[in-house]
Amino acid sequence: MEQMSYASTNRQAPEVTLAEALLRGQAPDRGLYLPVGIPRFAPGELASLSDKPYPEVAAAVLGKFTAGTFAPDELDAMCRSAYDYEVPLERVDDRRHVMRLDRGPTASFKDFAGRMMGRMFGALRRNAAGRLVILTATSGDTGSAVAHAFYRIPNVEVMVLFPPAEVSARQRKQMTTLGGNITAVGVDGKFDDCQALVKQAFADESLRGVELTSANSINIGRLLPQIVYYVYAAVRLGGGVAPVVFSVPSGNFGDMMGALLASRMGLPVERIVVATNANDEVPRFLQTGEYHKIVPSKSCLSNAMNVGHPSNFARVIALFGGWLDEAGTLRQAPDMGRLRQEIWATSAGDEETRATIQRAWREHKLLLEPHGAVGWLGLERYLREHPTVAVAVSVETAHPAKFPEEVERLLGFAPEVPESLAAVEAKPEECLRLPADYDEFRKLLLDKYS
Ligand SMILES: *Cc1c(COP(=O)(O)O)cnc(C)c1O
C-alpha cells in the first residue's frame, strides 16, 4: 500500500512520512503535521466493525495511516497490547451515553494515545544508536500518561515539566514515582510557562547535540489513536449508520480533533460539541469569528483543560481551509459556515461544573469528575437547542477517583479508587524543581542528556 504523507499547518515545511512526523513532533516551520488526503472507510467497513473488540477497531482505523511504516501484524500486536483494558459505554437514557476513557494505567483518556505512541516509538527506535529525549509539558494528565507510555522503552528518555500548584497529588505521583528513564520536573509557574520552556528548547540551535522530540498533543502520534474511540462508539451505538453527536471536554483540542478526523474519514458524526472551562477562546471564536488567545490561561477545576491558546486549534482551522499560526494569529480565515455546522462550542464556569456533578448524580446516578462534567453540561445545552438528536455520547476523560476531595465534597462519598491509582500511593517520589527560567532549563537538559 502507498505510504501517506504528512504536511505542516504552516505550509512552509516539506511533506514527511509518518515515521518522520512521529519522531519530529513539531514541523520545522513550527506548524503541526496533518495527513495529506484523509483516508476514507470503505463501503460496509463501519458496519463490519460494529461487533469487533476495541483492539481490532483500532488496527482497522490506524492501519489506514500507518501502512508502509508498520506491518499489519506488528500493528495488530501493538493494538492488542496497548488496549488491554475496558472501554465502557454507559447508557444514561434512551439516547444519551457516557463513554468512559478512564480505565488505562493513569486513568485518563491520554492513555489511549500515549500507549500507542510509546509502542510506535519503540518500534521505530528499536535499532537506533543514541537516545531520543521526549520533552513534554503537562497541566495534569499528559505527563503521567506519557511517562507511563514510555517507561522502560529502550533508547528513549522522558522529561516531564509540570506546574506543581496546578496538579493534584495523584496526578503528581503518577509522574514522580516511576524513576528509570522518566524525569519529573516541577516548574515554579503555570502550565503556559512549562509549555513555553519546552517550545524554546525545540527552537534552540545550541541544543542540537541532544535529540529532542515532543509527545504533547502537537505530535501526530497523539492524535491518530484518538480517532479510534469515536469510531468504536459510533459503530457500537449506531451500527456506523446512525449519526452521532459527540460532546468532548476540551483544553488543547487534541481529543476533539480525533472526532473531527473520524468524521472526515466518513464516520457519521452529526455534530461535535466542544465544551471548555473558563478558557473560552474557542467558543468566543465561533461566536465572533475573531480569535484571541487567553494569556495567562485561567486556573479552573478541570485543570487538564487550563489552556488559553490550544495548539491543536491550528489543525482544526487548517481542516476548514484557514491558517492559524503558532503565535495565535489568524493568517487566513477558515470557512466559518462549515465550521459552525460541524462544531458547536460552549463553556462552563467552575460553579456550573460543580452543579453538573451533583445534578448528574441526582438525576441519573451518573458519576462524573470535573472534566467529564464540563462535557456533560455541553451536551445538555446542545440537546436543549437540538431536541431531535437520536444518539449522543458524552466523553468522560478521567476517572472520578483522580479528584477525590472535590467529588466527596459535592456528593458526600469518595469514589472507589482503581487499582492503577492505588498502586502509586505508597511509592517514593522523585522530582526536580526549577524556576520558570530558560537558561536554567537549558543547563539541566545539557547536564542530563548531552
Ligand atoms: C487533557 C485532558 C482534557 C483535554 O483534552 P485536549 O485534548 O487537551 O482537549 C480533558 N480532560 C482530561 C481529564 C484531560 O486529561
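The structure this text deals with has already been given above.
The sections below set out a description of the structure shown in this document. Quick caveat, the model's predicted, so the values are computed rather than measured. (Residues numbered from 1 in each chain as written. Predicted model: local features only at pLDDT ≥ 70, side-chain atom pairs only at ≥ 80, totals over all residues. Heavy atoms only, no water.)

## What to know about the site of the ligand
Around the ligand, 15 residues are found, and the nearest of them are Lys110, Asp141, Gly251, Asn252 and Thr397. Lys110 is positioned such that a nitrogen or oxygen atom in its side chain is 2.5 Å from an oxygen atom of the ligand. Protein chains bury 97% of the 380 Å² of accessible surface belonging to the ligand in isolation. Of the residues that make up the shell around the ligand, three or more belong to each of domain 1 (86–103 + 224–411) and domain 2 (108–219 + 418–450). (Near = heavy atom within 4 Å. Polar contact = N/O pair within 3.5 Å; in protein donor to acceptor, adjacent residues only side chain to side chain. Areas by Shrake-Rupley, 256 points an atom, 1.4 Å probe, with all protein chains shown as cover. Domains from an automatic or database assignment.)

## Details of the state of the cysteines
Throughout the structure, instances matching the rule amount to zero disulfides. Cys194 provides the cysteine sulfur closest to Cys431, a residue in no disulfide bond, and the two sulfurs are 11 Å apart. Judged by its relative accessible area of 37%, Cys431 is partly exposed. (Disulfide = S-S within 2.5 Å. Buried < 20%, exposed > 50% of the residue type's maximum accessible area, 1.4 Å probe, protein only.)

## Remarks on the sheet that holds strand E5 (residues 132–137)
Overall, parallel pairing links the five strands, which are arranged E8-E5-E6-E7-E15 in an open sheet. Among the strands making up the open sheet, the edge pair consists of strand E8 (212–214) and strand E15 (432–435). Averaged over all adjacent pairs, the angle separating strand axes in this sheet is 30°, with direction ignored. Sheet topology places strand E7 (residues 182–188) next to E15; four bridges connect them, and they run parallel. By the bridge assignment, Val187 is partnered in E15 with Leu434. Seen against the sheet, helix H8 (residues 191–203) touches E5, strand E6 (156–162), E7 and E8 and runs at an angle of roughly 150° to E5. (Pairing = 2+ DSSP bridges. Helix = DSSP H or I, 4+ residues; strand = E, 2+ residues; numbered from the N terminus. Axes fitted to C-alpha atoms, helices over the stretch in contact; angles between N-to-C directions. Contact = heavy atoms within 4.5 Å.)

## Focus on the pairing of strand E4 (residues 96–100)
Across the five residues that make up E4, a large majority, five, are buried. Across the two faces of E4 the burial is the same, with Arg96, Val98 and Arg100 and His97 and Met99 all buried. Sheet analysis places strand E3 (residues 89–91) next to E4, joined by three bridges and oriented antiparallel. When the sheet's bridge partners are listed, Glu90 is paired in E4 with Val98. The loop that links E3 with its antiparallel partner E4 comprises four residues. With five bridges joining them, E4 and strand E14 (residues 392–396) adopt parallel strand pairing. Each bridged residue has a counterpart across the sheet, and for Val98 the counterpart in E14 is Ser394.

## Here we look at unusual backbone geometry
With an omega dihedral of -10°, the bond running from Val295 to Pro296 counts as a cis peptide bond. One can find Pro296 in the loop between helix H12 (281–288) and helix H13 (313–319). Residues other than glycine seldom take positive phi values, yet Phe253 does so here, at roughly 65°. Along the chain, Phe253 turns up in the loop between strand E9 (244–249) and helix H11 (255–264).

## Examining the environment of Gln26
With respect to the helices, strands and loops of the structure, Gln26 is situated in the loop between helix H1 (18–24) and strand E2 (33–35). Given the relative accessible area of 17%, Gln26 is considered buried. In this structure, the C-alpha to C-alpha distance between Gln26 and Ser8, residues 18 residues apart in sequence, is 8.4 Å. Not counting residues up to four positions away in its chain, the partners in contact with Gln26 are Gly31, Leu32, Tyr33 and Ile218. A distance of 3.1 Å separates a polar atom in the side chain of Gln26 from the backbone oxygen of Arg30.

## Section: the side chain of His97
Relative to the helices and strands, His97 is located in strand E4. Every residue in contact with His97, bar those within four places of it in the chain, is listed here: Glu90, Arg91, Val92, Leu237, Ala392, Val393 and Ser394.

## Brief notes about the pattern of salt bridges
Following the criterion strictly, the structure yields 25 salt bridges and no others. With a shortest N-O distance of 3.0 Å, Arg331 and Asp325 are connected by a salt bridge. Relative accessible area serves as the criterion here: at 7%, Asp325 is assigned to the buried category. (Salt bridge = Lys/Arg side-chain N within 4 Å of Asp/Glu carboxyl O.)

## Overview of the nonpolar core
Counting 98 residues, the largest nonpolar core has Tyr6, Phe150, Val231 and Phe246 as the members making the most contacts within it. When residues of this core are assigned to their parent elements, the largest contribution, nine residues, is made by helix H10 (residues 225–238). No fewer than three residues from each of domain 1 (86–103 + 224–411) and domain 2 (108–219 + 418–450) sit in this core. Leave out the neighbours within four places in its chain, and Phe150 touches Met117, Gly118, Phe121, Ile134, Val156, Val158, Asn181, Ile182 and Ala215. Core analysis: the next-biggest nonpolar cluster, separate from the first, contains 22 residues, Ala137, Met159, Ala201 and Val307 among them. (Core = buried A, V, L, I, M, F, W, Y, C linked by side-chain atoms within 4.5 Å.)

## A closer look at the packing of aromatic side chains
To describe a pair of aromatic rings, one takes the distance between the centres and the angle between the planes. Using the criterion set out here, one finds 17 aromatic pairs in the structure. Centre to centre, the rings of Tyr85 and Phe112 are 5.2 Å apart; their planes meet at 80°, and the pair counts as edge-to-face. Linking Tyr85 in the loop between helix H4 (72–82) and E3 with Phe112 in helix H5 (residues 110–125), this pair joins segments that are 27 residues apart in sequence. By relative accessible area, Tyr85 is classed as buried at 13%. Look at Phe112 and you get buried, because its relative accessible area is 0%. Each residue in the set Tyr54, Tyr83, Tyr85, Phe112, Tyr229, Tyr230, Tyr232 and Phe246 is aromatic and connected to the rest through ring pairs, giving one cluster. (Phe/Tyr/Trp six-rings, centres within 6.5 Å; stacked < 30°, edge-to-face > 60°.)

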